[in-house]
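In case you want the letters, here they are:
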Amino acid sequence: MTCKFFVPGPTWIRPELLAELARPVIGHRSAEFRDLYAGILANLKPLFGTAASTFVVTSSGTGVMQAALENCVARRVLVTTCGAFSERWFSIAESLGLEADRLDAGWGNAIDPEALADHLASRRAHYDAVTITHNETSTGVTNDVAALAAIVREESPGTMVLVDAVSSLGGMPVRFDEWGLDVCLASVQKGLALPPGITVAAMSNAAIERAKKHPYRGTYFDLVQYKEKADEVSVPSTPSIPHFYALAAQLGRIINSEGLDARYERHRQMRDITLQRTAKFAKHPGDAAHASCTVTALQPVKSPDAIRTEMKKRGYTLGGGYGEWKETTFRIGHMGDITVEDLNAMLDVLEEVALG
Ligand code: PLP
């Protein structure tokens, strides 16, 4: 099994998981589906580090980001930003007509907990929620969600903490209960190495109670429905059943076969190897102390486009730069089921290309 696909999502998928998509469809109100979903819900708990409600939504991650805002914010939200995907929370909030403030750390930086504390202390108006992007995929920077959520709890009790774990879940620890989160979501095409199309989420009781107070939270993205149906091991509407098969198989493999700790350690190794082996030909423009375990953005001496084109000729796909860093960087996705051996084999070729 050799992976030559190093995009920061969607990621390379094991053939046996792709085969799960071809299984015969079952009715989503059948006993077989209940068994399938029961296994998924049980395995999502350790993945999110929670005893709270977990569920699966047939949508990409952006849909559930919107749902989190629609369900938990009546009026005002603080969006912490440090790159393109954290900005997405802001544009969704604006599109919903919410009052959105931004606490911006600048591209490539991590959100500073002290800056968040100062902002919350100096602001007299109450925020219904604060959004945090665990891993900013555009810059390869990981935010310290534990510290940031603790600040929200301390400085602004009653404010919900909404976390995008799209490119962290499955590649680095998420501790929903310990960190005191209210909504945490991740689409499955990144750290979980599955085909895009569904999103997994955890939601606190406080967030459910908050959502219940919002009469106009829509139908498809009504998270109260997802939670109540999940309590009955069911779903509000017809889900993408093939994706559920693949998710069940992958969660079982991750939890019972690879093990979460081993998986996180493999991702840490992949980050360290990537940073170390690329230092000869590229600058790492992001905050080094917060370098991501799942994606590395690099600013090479040579043209990033030329490097990617040459790599493509040799069979390797790397990620392009994104947003403000589009022209100056390229990105290496090292997440999901990629092995250290595959990464090293790719870096051997990249070294030749970038230094040649
Ligand atoms: N958030 C982050 C951190 C992402 O990396 C992405 C996609 O790359 C998204 C949100 C959007 O997720 P989706 O494409 O599943 O809607």
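What comes next is a walk through the structure.

The rules we used
- Residues numbered from 1 in each chain as written.
- Predicted model: local features only at pLDDT ≥ 70, side-chain atom pairs only at ≥ 80, totals over all residues.
- Heavy atoms only, no water.
- Salt bridge = Lys/Arg side-chain N within 4 Å of Asp/Glu carboxyl O.
- Helix = DSSP H or I, 4+ residues; strand = E, 2+ residues; numbered from the N terminus.
- Buried < 20%, exposed > 50% of the residue type's maximum accessible area, 1.4 Å probe, protein only.
- Pairing = 2+ DSSP bridges.
- Contact = heavy atoms within 4.5 Å.
- Axes fitted to C-alpha atoms, helices over the stretch in contact; angles between N-to-C directions.
- Patch = residues over 30% accessible without salt bridge, like charges linked within 9 Å, V, L, I, M, F, W, Y side chains within 5 Å.
- Areas by Shrake-Rupley, 256 points an atom, 1.4 Å probe, with all protein chains shown as cover.
- Lys, Arg positive; Asp, Glu negative; His and termini not counted.
- Charge placed at Lys NZ, Arg CZ, Asp CG, Glu CD.

### Section: the pattern of salt bridges
Next, step 1: The tally for this structure, following the rule as stated, stands at 26 salt bridges.
Next, step 2: In this structure, the salt-bridge partner of Lys 212 is Glu 209, at a minimum N-O distance of 3.3 Å. With Lys 212 and Glu 209 both in helix α8 (residues 205-212), this residue pair falls three residues apart, about one helical turn.
Next, step 3: Taking relative accessible area as the criterion, Glu 209 reaches 42% and is therefore assigned partly exposed.
Next, step 4: Where Lys 229 meets Glu 232, a salt bridge forms, and the shortest distance between an N and an O atom there is 4.0 Å.
Next, step 5: With relative accessibility at 24%, the residue Lys 229 sits in the partly exposed group.
Next, step 6: Three or more residues joined by partner-sharing salt bridges are found here, namely Arg 14, Glu 16, Arg 253, Glu 258, Arg 263, Arg 266 and Asp 337.

### Things to note about the sheet that holds strand β11 (residues 282-283)
Next, step 1: An order of β1-β13-β14-β12-β11 is seen for the five strands of this open sheet, with the pairing classed as mixed. Edge positions in the open sheet fall to β1 (5-6) and β11, since each of these has one partner strand only.
Next, step 2: Both strand β12 (residues 295-300) and strand β14 (residues 330-333) contribute to a ladder of four bridges, which runs antiparallel. Paired with Ala 297 across the bridge in β14 is Arg 331.
Next, step 3: The strands touched by helix α11 (residues 260-278) are β11, β12 and β14; relative to β12, the strand with the most contacts, the crossing angle is about 5 degrees.
Next, step 4: Sheet contacts for helix α12 (residues 304-313): β12, β13 (317-320) and β14; angle to β13, the most-contacted strand, approximately 155 degrees.

### Comments concerning a negative patch on the surface
Next, step 1: Residues Asp 112, Glu 114, Asp 118, Glu 154 and Glu 155 make up a contiguous surface patch of negative charge.
Next, step 2: Of all the secondary structure elements, the ones that give two or more residues to the negative patch are α5 (113-122) and α6 (145-155).
Next, step 3: Relative to the helices and strands, Glu 154 is located in helix α6.

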